[in-house]
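Here's the letter readout for the chains.
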Amino acid sequence: MTELDPEGLVFRDDPSKRSSFFAAQADVGRLLGMITALTGEIAMLRARLDTHERLAAAGGFDRSKVEAYQPDAAALAERMADDQAMIGRVFKPLADELDRLLEDPVVQKTLLEIDR
Amino acid sequence: MSTTPHAMMPEATHDEAARFAHVVGLKNFLMRQLEPKWRALVDEKLTPQLAAEGRDAKEEYRALERSLARLGAYRTWQQLTVSAQEEMWRSVGECVDRQLPELERRASDATAGGSVRTDPQFRPPRYLSTVDIHLMPGGYAEDRGEGDVRQGAVFDKAAALYHMGRNGGELNDVRGHTLVQHYFDRFPQATPQRILDMGCTVGHSTTAIAGYFPQAEVHGIDVGGALLRYARARSASLGASIHYSQQNAETTDFADGSFDLVVSSAVLHETSFKALPRIMREAHRLLRPGGVMMHLEVPLRFDTASAWNRVRGLFEALHNNEPFWIGAQQADIAQTVRDAGFADVASGYQPAVRVADRAAEPRFTSTPGPVHVVWYLLSGVKR
């Protein structure tokens, strides 16, 4: 249902349910949720490793120094760039498919066969 | 541990801060790397092809959305966008729960400054209770009872991530400063004595506004007790004494003519066609003659939105749980303000500012701009 109701509101057919973009293959949706969480864990581990490497370079550290470590602006920028590159690698198949769709007149024609 | 901008902001451990930074990075990737490709496909490839057949993609955006949803890649993009939002709430919730007793202790200790009045009988309106807005588990209204501040802490920390640094960082107060700049642009001499912020959540804008008028009595209303308890302690730790109460902006319990200034900040798009005129009439009732009402909103209009922006808007409405997202962009809100009896109604765009300046050259304009660069501002005077 995508029409606004008389109060101008629009809800999913069953608003109590979680969004399901893969209704026929719910496992795919769940799998994407798990991959999303997993990239967060990779990012966290990378940040922790980065902290270790930077503290090691400064000479000597223990767990408390790791916990207390505050990356400066340059370190944060490096981490953000690394993170974007990691995300780009993990989700590359999706970006590639989008690039392909943009150059695929056959699929585009199919998309325009819409029931009005 | 990270440093925090005020005493109530949850502190993040090394690993929590890394997870937060990654959620922001993931949202950034989805918004800046992938979404432009969908925009190009719809607005640059499909729209002209439809136009060649004499059809208007903007008019057919619902059918286009159904068509796109047949593509696995589109469903994957939708799911990842939802997953990133859910991951934000999950990671922030985990961080807040780890330190919730300490946050509640701080909220109860912060005795100096302001007040909170909750109402156990209060029921939020349908437009806020049917779904959890922005997918925030529990929505704005969730309250575990006396002393609970969890929903406020989760909202405050997540909002700083959600706006990705474009709304004033961890204080999230650019919209409050921008509202005051609009006030100064239109009424450079004004010195309000009593101010009301409708739909204040944790007082991001309320606290910023209060800072410009230290002599004023400032009130904030919203639908959740846990939000409001957190808001009071947050404002107090930033040096502002603000009176928060749990009320519906359509029907408050303040006396007629109680305020010189009534505002809201990005609230109207969370209401409904029925609520809009009621909120305007209530603001009119609450103002003394000569008082000013101002509403800040997202600077998006449905009639000028491209086919992709309409498809994206439908996604936002249905899957980020923003039921009035499209309705608000279609509504003639300025007319509801005139119908409520306001005079000198102004409707346009206010460039976002980090600090308002009473002496600044007015920059309120009829020229639209991108979200976070400008905000839509609507204001009127009660005669």
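In this text, all values refer to a predicted model and were calculated from it rather than measured experimentally.

Quick notes on the rules
Every chain begins its residue count from 1, and numbering advances along the sequence as written. Each chain gets a letter, beginning with A, and each ligand a number, beginning with 1, in the order they are written. Local features in a predicted model are, by the rule used here, given only for residues with pLDDT of at least 70; side-chain atom pairs are given and counted only at 80 or more, and totals for whole chains, interfaces and linings are based on all residues. Secondary structure elements are taken from DSSP: a helix is a run of H or I of four residues or more, a strand is a run of E of two residues or more, and numbering for both begins at the N terminus. Throughout, a pair of residues is in contact if the C-beta atoms placed from their backbones lie within 7 Å. Ten residue types, Ala, Val, Leu, Ile, Met, Phe, Trp, Tyr, Cys and Pro, are classed as nonpolar, four, Asp, Glu, Lys and Arg, as charged, and the remainder, Gly among them, as polar. Whether a residue is buried, exposed or partly exposed is read from the other C-beta atoms within 10 Å of its own C-beta, which are placed from the backbone; 20 or more gives buried, 12 or fewer gives exposed, and intermediate counts give partly exposed. Crossover handedness is defined by viewing with both strands directed away from the observer: a clockwise path from the first strand over the helix to the second marks the crossover as right-handed. At least two bridges found by DSSP between two strands are what make those strands a pair. In a helix, the anticipated span is given by 1.5 Å times the number of residues less one. The arc under discussion is defined with respect to the helix axis, by the directions toward the C-beta atoms. Here an angle of 0 to 180 degrees is reported between the N-to-C directions of two axes, which are lines fitted to C-alpha atoms, with helices fitted over the stretch in contact.

J.: I'd love a proper account of the environment of Ala233(B), names of residues and values included.
T.: Examined against the element boundaries, Ala233(B) turns out to sit in helix 9 (residues 225-237). Along the sequence, Ala233(B) and Ala255(B) sit 22 residues apart, while their C-alpha atoms lie 26 Å from each other.

J.: Break down the interface of chain A and chain B for me, with residues and values.
T.: Every contact between the two is made by 46 residues of chain A and, on the other side, 55 residues of chain B. Secondary-structure elements contributing two or more residues to the side of chain A that touches chain B are helix 1 (26-58), helix 2 (63-68), helix 3 (73-90), helix 4 (92-102) and helix 5 (105-111) of chain A. The element contributing the most residues to the side of chain A that touches chain B is helix 1 of chain A, with twelve residues. Of the residues that constitute the side of chain A that touches chain B, the class distribution is 24 nonpolar, twelve polar and ten charged.

J.: Mind laying out the pairing of strand 2 (residues 194-198) of chain B, listing which residues take part and the relevant values?
T.: All names here are of chain B. Here strand 2 lies mainly inside the structure; five of its five residues are buried. Each parallel crossover has a hand, and the one from strand 2 via helix 8 (residues 204-212) to strand 3 (residues 217-222) is right-handed. Bridge analysis of strand 2 against strand 5 (residues 259-265) gives four bridges, and the strand direction is parallel. Residue pairing across strands places Asp197 opposite Val263, the latter belonging to strand 5.

J.: For helix 10 (residues 275-286) of chain B, give the residues involved together with the corresponding values.
T.: All names here are of chain B. Given a rise of 1.5 Å per residue, twelve residues ought to cover 16 Å, and the 16 Å separating the end C-alpha atoms of helix 10 matches this to within 8%. For helix 10, the full list of buried residues reads Ala275, Leu276, Ile279, Met280, Glu282, Ala283 and Leu286. The arc enclosing the buried residues of helix 10, seen along the axis, measures out at 160°, which places them on a common side. Against the buried residues of helix 10 lie helix 5 (126-129), strand 2, strand 5, strand 6 (287-297) and helix 13 (333-339).

J.: Which residues make up the sheet that holds strand 1 (residues 115-117) of chain B, and what values do they have?
T.: All names here are of chain B. Reading across the sheet, the eight strands line up as 1-4-3-2-5-6-8-7 and stay open at both edges, with mixed pairing between neighbours. Here the strands that pair on one side only, and so sit at the sheet edges, are strand 1 and strand 7 (343-351). Sheet twist, expressed as the mean angle between neighbouring strand axes with direction ignored, is 15°. Both strand 7 and strand 8 (residues 374-381) contribute to a ladder of seven bridges, which runs antiparallel. Paired with Ala346 across the bridge in strand 8 is Ser379. Running over the sheet, helix 9 touches strand 1, strand 3 and strand 4 (242-246) and is turned about 180° from strand 4. Relative to strand 6, helix 10 is tilted by about 145°, and along the sheet it contacts strand 2, strand 5 and strand 6.

J.: Quick rundown of the environment of His219(B)? Include the residues and the values.
T.: Residues and elements named next belong to chain B. Examined against the element boundaries, His219 turns out to sit in strand 3. Using a count of 27 C-beta atoms within 10 Å as the deciding quantity, one classes His219 as buried. Separated by 16 residues in sequence, His219 and Gly203 place their C-alpha atoms 9.7 Å apart.

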